[in-house]
Amino acid sequence: MSAGRTPSHSPFEVRTERLLLRRWLPDDRPPFAAMNADPEVMRYFPAPLTQSESDALASRADASFEEHGFGLWALELRESREFLGFTGLAPMPDGFGGVEVGWRLARAFWGAGYATEAARASIRVAFDTLGLDEVSSVTAVVNERSQAVMRRLGMVSVEHFDSPRVPAGSPLVPHVRYALAAPSTSAGAPYGVSRVGPRNR
């Protein structure tokens, strides 16, 4: 974060052309659990999540807004109001410091550019609202799909490391961190947010 700046709380919701990034609702939990139980969605994580693990993750994601002033928004398709997954900001894993932009979408919504669109909106909040100097993103080296999103966001690979959260010997142990520095100016709204503001659906 820029020296001498006090972070503002991130907005309750962010709208892009197609998406609504919002706080979590009870009705999000069943489709979120189904998504987290999908082996293909969870291919680059140690294991799929149980219902209780998925519910706990949703609770932590929403509580982060009060604890840190930012968090992982539930992601909704504006036209149909379907729940897609999540996108947003979270503290980096222990030992790194800083803030990570992350995303996880149900398989039915892959390939439409939703992750990139929502992540750009999250980055805009990180730089323009929270005043962060840099945003990172981490994934397993074998997760080329997520790395492709990172590159589309303008992020660059800055380091490789072994994840302590993955069992030894797993092909998911090697990880990579990408990073993006804040622009010197926000002129031109480069991250594609059409509106940022308090919740008003």
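Described in the following lines is the structure provided in the data block. (Residues numbered from 1 in each chain as written. Predicted model: local features only at pLDDT ≥ 70, side-chain atom pairs only at ≥ 80, totals over all residues. Heavy atoms only, no water.)

**Points about the overall build of the chain**
(1) Moving on: A count of helical and extended segments in the chain gives four helices and nine strands.
(2) Moving on: Reading the helices (α) and strands (β) of the chain from amino to carboxyl end gives β-β-α-α-β-β-β-α-β-α-β-β-β.
(3) Moving on: Out of the 201 residues belonging to the chain, those deemed buried represent 49%.
(4) Moving on: Pairs at least 24 apart in sequence give 64% of the contacts found in the chain among residues at least 6 apart. (Helix = DSSP H or I, 4+ residues; strand = E, 2+ residues; numbered from the N terminus. Buried < 20%, exposed > 50% of the residue type's maximum accessible area, 1.4 Å probe, protein only. Contact = heavy atoms within 4.5 Å.)

**Considering the pattern of salt bridges**
(1) Moving on: Under the defined criterion, the tally for this structure stands at 13 salt bridges.
(2) Moving on: Residues Asp62 and Arg23 are paired through a salt bridge, measuring 2.7 Å at the closest nitrogen-oxygen approach. With a gap of 39 residues between them, Asp62 in helix H2 (residues 51–68) and Arg23 in the loop between strand S2 (19–22) and helix H1 (29–36) connect regions that are remote in the sequence. Per residue, the accessibility class of Asp62 equals that of Arg23, and both read buried.
(3) Moving on: Ionic pairing is found between Glu40 and Arg43, a salt bridge with its closest N-O pair at 3.4 Å.
(4) Moving on: Here Arg43 falls in the partly exposed class, since its relative accessible area comes to 48%. (Salt bridge = Lys/Arg side-chain N within 4 Å of Asp/Glu carboxyl O.)

**Let's talk about the side chain of Arg15**
(1) Moving on: Secondary-structure assignment places Arg15 in strand S1 (residues 13–15).
(2) Moving on: Judged by relative accessible area, Arg15 falls into the buried class, the value being 16%.
(3) Moving on: Here the side chain of Arg15 touches Glu13 through a polar contact of 3.1 Å, side chain to side chain. (Polar contact = N/O pair within 3.5 Å; in protein donor to acceptor, adjacent residues only side chain to side chain.)

**A short note on H2**
(1) Moving on: For H2, with 18 residues, the first-to-last C-alpha span of 25 Å sits near the 26 Å given by 1.5 Å per residue.
(2) Moving on: The largest bend along H2 measures about 30° and falls at Asp62.
(3) Moving on: Those residues of H2 lying buried are Ser54, Asp55, Leu57, Ala58, Ala61, Asp62, Ser64 and Phe65.
(4) Moving on: Those residues of H2 that are buried are in contact with H1, strand S3 (72–77), strand S4 (83–91) and strand S5 (99–105). (Expected span 1.5 Å × (residues − 1). Bend = angle between axes of the 7 residues up to and from the residue.)

**What to know about unusual backbone geometry**
With the exception of glycine, the majority of residues adopt a negative phi angle, and the majority of peptide bonds are in the trans configuration.
(1) Moving on: Of note in this structure, Arg81 is not a glycine but carries a positive phi near 65°.
(2) Moving on: Locating Arg81 in the fold gives a position in the loop between S3 and S4.
(3) Moving on: What makes Arg81 exposed here is its relative accessible area of 55%.

**Looking at the packing of aromatic side chains**
(1) Moving on: Inspection of every chain in the model, using the stated rule, returns seven aromatic pairs.
(2) Moving on: Measuring from ring centre to ring centre gives 5.6 Å for Phe65 and Trp73, while their planes differ by 55°; the resulting arrangement is tilted. The residues Phe65 and Trp73 share a single accessibility class, namely buried.
(3) Moving on: Through successive ring pairs, a cluster of aromatic residues spans Trp24, Phe32, Phe83 and Phe86. (Phe/Tyr/Trp six-rings, centres within 6.5 Å; stacked < 30°, edge-to-face > 60°.)

This is a description of form; function is not addressed.
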